[in-house]
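What follows is the residue order along each chain.
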Amino acid sequence: MPAPGAPGDVAHARVVSTAPTISSIAEGRGLIDDIDAQLRALLTNRRDLSSQIQSLRQVEGGPRIEHARENRIIASWADELGPRGVEIALAVLTLCRGAASQ
Ligand SMILES: C=C(O[C@@H]1C=C(C(=O)O)C=C[C@H]1O)C(=O)O
């Protein structure tokens, strides 16, 4: 396990955010729609970066998938969001690297 803050460590990559107080459903829905759009854009960027990393590792003769790194990522999602975080992390990983068996 890498030291906190070292390359490969995921625990340090934490963003603290507080939702604003809203005064109407429409305002809240507008903010949620903005968040969903940001999440989709972030996931698209993540998928592209993940694909590049997988290609670089294969060019170097390594495996496309690295389970130890994925386990650290899943653990960081679990730390912050609990069991649903694990489900989301697995869905994100599937989006970004395809099926684990490939
Ligand atoms: C992107 C990488 O390659 C694969 C994809 C990962 C991901 O999308 O987070 C994580 C580990 C690897 O299975 C990596 O090793 O960092």
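What counts, and where the lines are drawn
- Within every chain, residues take consecutive numbers counted from 1 along the sequence as written.
- For a predicted model such as this one, the threshold for reporting local features is a pLDDT of at least 70, and the threshold for listing and counting side-chain atom pairs is 80 or more; totals across whole chains, interfaces and linings nevertheless cover every residue.
- Computation of side-chain values: all heavy atoms of the structure, hydrogens and water removed.
- For the purposes of this entry, the term helix denotes a DSSP run of H or I that reaches at least four residues, the term strand denotes a run of E that reaches at least two, and both are numbered from the N terminus.
- The cut-offs for exposure are 20% and 50% of the maximum accessible area for each residue type, with area from a 1.4 Å probe on protein chains only; residues under the lower value are buried, those over the upper are exposed, and the others partly exposed.
- Per-residue and other accessible areas follow the Shrake-Rupley method at a 1.4 Å probe size, with only the shown protein chains counted as cover for residues.
- Salt bridge, as used here, is a side-chain nitrogen of Lys or Arg placed within 4 Å of a carboxyl oxygen of Asp or Glu.
- Convention adopted: a line fitted to C-alpha atoms gives each axis, helices being fitted over their contacting stretch, and angles between N-to-C directions are expressed from 0 to 180 degrees.
- Helix crossings are classified by the rotation of the near helix relative to the far one: an anticlockwise turn of less than a right angle makes the crossing left-handed, while a clockwise turn makes it right-handed.
- Here, residues are in contact when the closest pair of their heavy atoms is within 4.5 Å.
- Note on residue categories: nonpolar means Ala, Val, Leu, Ile, Met, Phe, Trp, Tyr, Cys or Pro, charged means Asp, Glu, Lys or Arg, and polar means any other residue, Gly included.
- UniProt positions are given in the numbering used here, feature names are shortened, and annotations may be inferred rather than shown by experiment.
- Nonpolar side chains (Val, Leu, Ile, Met, Phe, Trp, Tyr) are joined into patches within 5 Å and like charges within 9 Å, using only residues with over 30% relative accessible area and no salt bridge.
- Nearness here has a simple test: a residue counts as near a molecule or strand if at least one of its heavy atoms is within 4 Å of that partner.
- Between N or O atoms, a polar contact is any pair within 3.5 Å; within protein, one atom must be a potential hydrogen donor and the other a potential acceptor, and residues adjacent in sequence are included only when both atoms are from side chains.
- Angles are sorted into four bins: roughly parallel if under 35 degrees, roughly antiparallel if over 145, roughly perpendicular if 65 to 115, and oblique for all others.

Peer 1: Help me understand the overall build of the chain, please; the structure alone is not making it clear to me.
Peer 2: Helix and strand content of the chain: three helices and zero strands. Its helices and strands in sequence order give the chain the pattern α-α-α, from N to C terminus. Considering the chain as a whole, with its 102 residues, one finds that 19% of them fall into the buried category. Here the chain displays about 7600 Å² of accessible surface, and carbon together with sulfur accounts for 60% of that area.

Peer 1: It is not clear to me how the pattern of salt bridges should be interpreted in this structure. Could you clarify?
Peer 2: Two side chains carrying opposite charge are able to pair once their charged atoms lie near each other. A complete count under the given rule lists three salt bridges for this structure. Between Arg84 and Glu87 there is a salt bridge whose closest N-O contact spans 3.0 Å. Placement of both Arg84 and Glu87 in helix H3 (residues 83–97) is noted, with a separation of three residues, approximately one turn of the helix. For Glu87, a relative accessible area of 45% puts it in the partly exposed group.

Peer 1: Teacher, can you tell me more about the packing of helix H2 (residues 67–81) against H3 here?
Peer 2: A pair of packed helices can be characterised by two numbers: the angle between their axes and the separation between those axes. Contact geometry for H2 and H3: axes closest at 7 Å, N-to-C directions at 145°. Both H2 and H3 take part in a crossing whose hand is right-handed. Contacts from Glu70, Ile74, Trp77, Ala78 and Leu81 of H2 reach H3 at Pro83, Arg84, Gly85, Val86, Ile88, Ala89, Leu90, Val92, Leu93 and Arg97. Residue composition of the contact of H2 with H3, grouped by class: eleven nonpolar, one polar and three charged.

Peer 1: Please clarify how the UniProt feature "coiled-coil region" (unreviewed entry) in the chain should be interpreted in this entry.
Peer 2: UniProt tags residues 32–59 as "coiled-coil region" (unreviewed entry). Measuring from the first to the last C-alpha atom of residues 32–59 gives 40 Å, for a span that is 100% helix and 0% strand.

Peer 1: It is not clear to me how a nonpolar patch on the surface should be interpreted in this structure. Could you clarify?
Peer 2: A contiguous nonpolar surface patch, about 290 Å² in accessible area, is contributed by Ile35, Leu39 and Leu42. Within the secondary structure, Leu42 sits in helix H1 (residues 25–59).

Peer 1: Help me out: how do you make sense of the site of the ligand in this one?
Peer 2: Around the ligand there are 13 residues in total, and Arg46, Ser50, Arg57, Glu66 and Glu70 lie nearest to it. Within the side chain of Arg46, an N or O atom sits 2.8 Å from an oxygen atom of the ligand. Element by element, the count of residues in the shell around the ligand is highest for H1, at five residues. Tallied by class, residues from the shell around the ligand come to five nonpolar, two polar and six charged.

Peer 1: I tried to follow the packing of H1 against H3 on my own but got confused; where do I start?
Peer 2: The interhelical angle for the contact between H1 and H3, taken along N-to-C directions, is 60°, at an axis separation of 8 Å. Here H3 runs oblique to H1, going by the angle between their axes. The two elements H1 and H3 meet at a crossing, and its hand is right-handed. Facing Leu43, Arg46, Arg47, Ser50 and Gln54 of H1, the residues of H3 in contact are Val92, Leu93, Leu95, Cys96 and Arg97. Looking at side-chain class alone, the contact of H1 with H3 contains five nonpolar, two polar and three charged residues.

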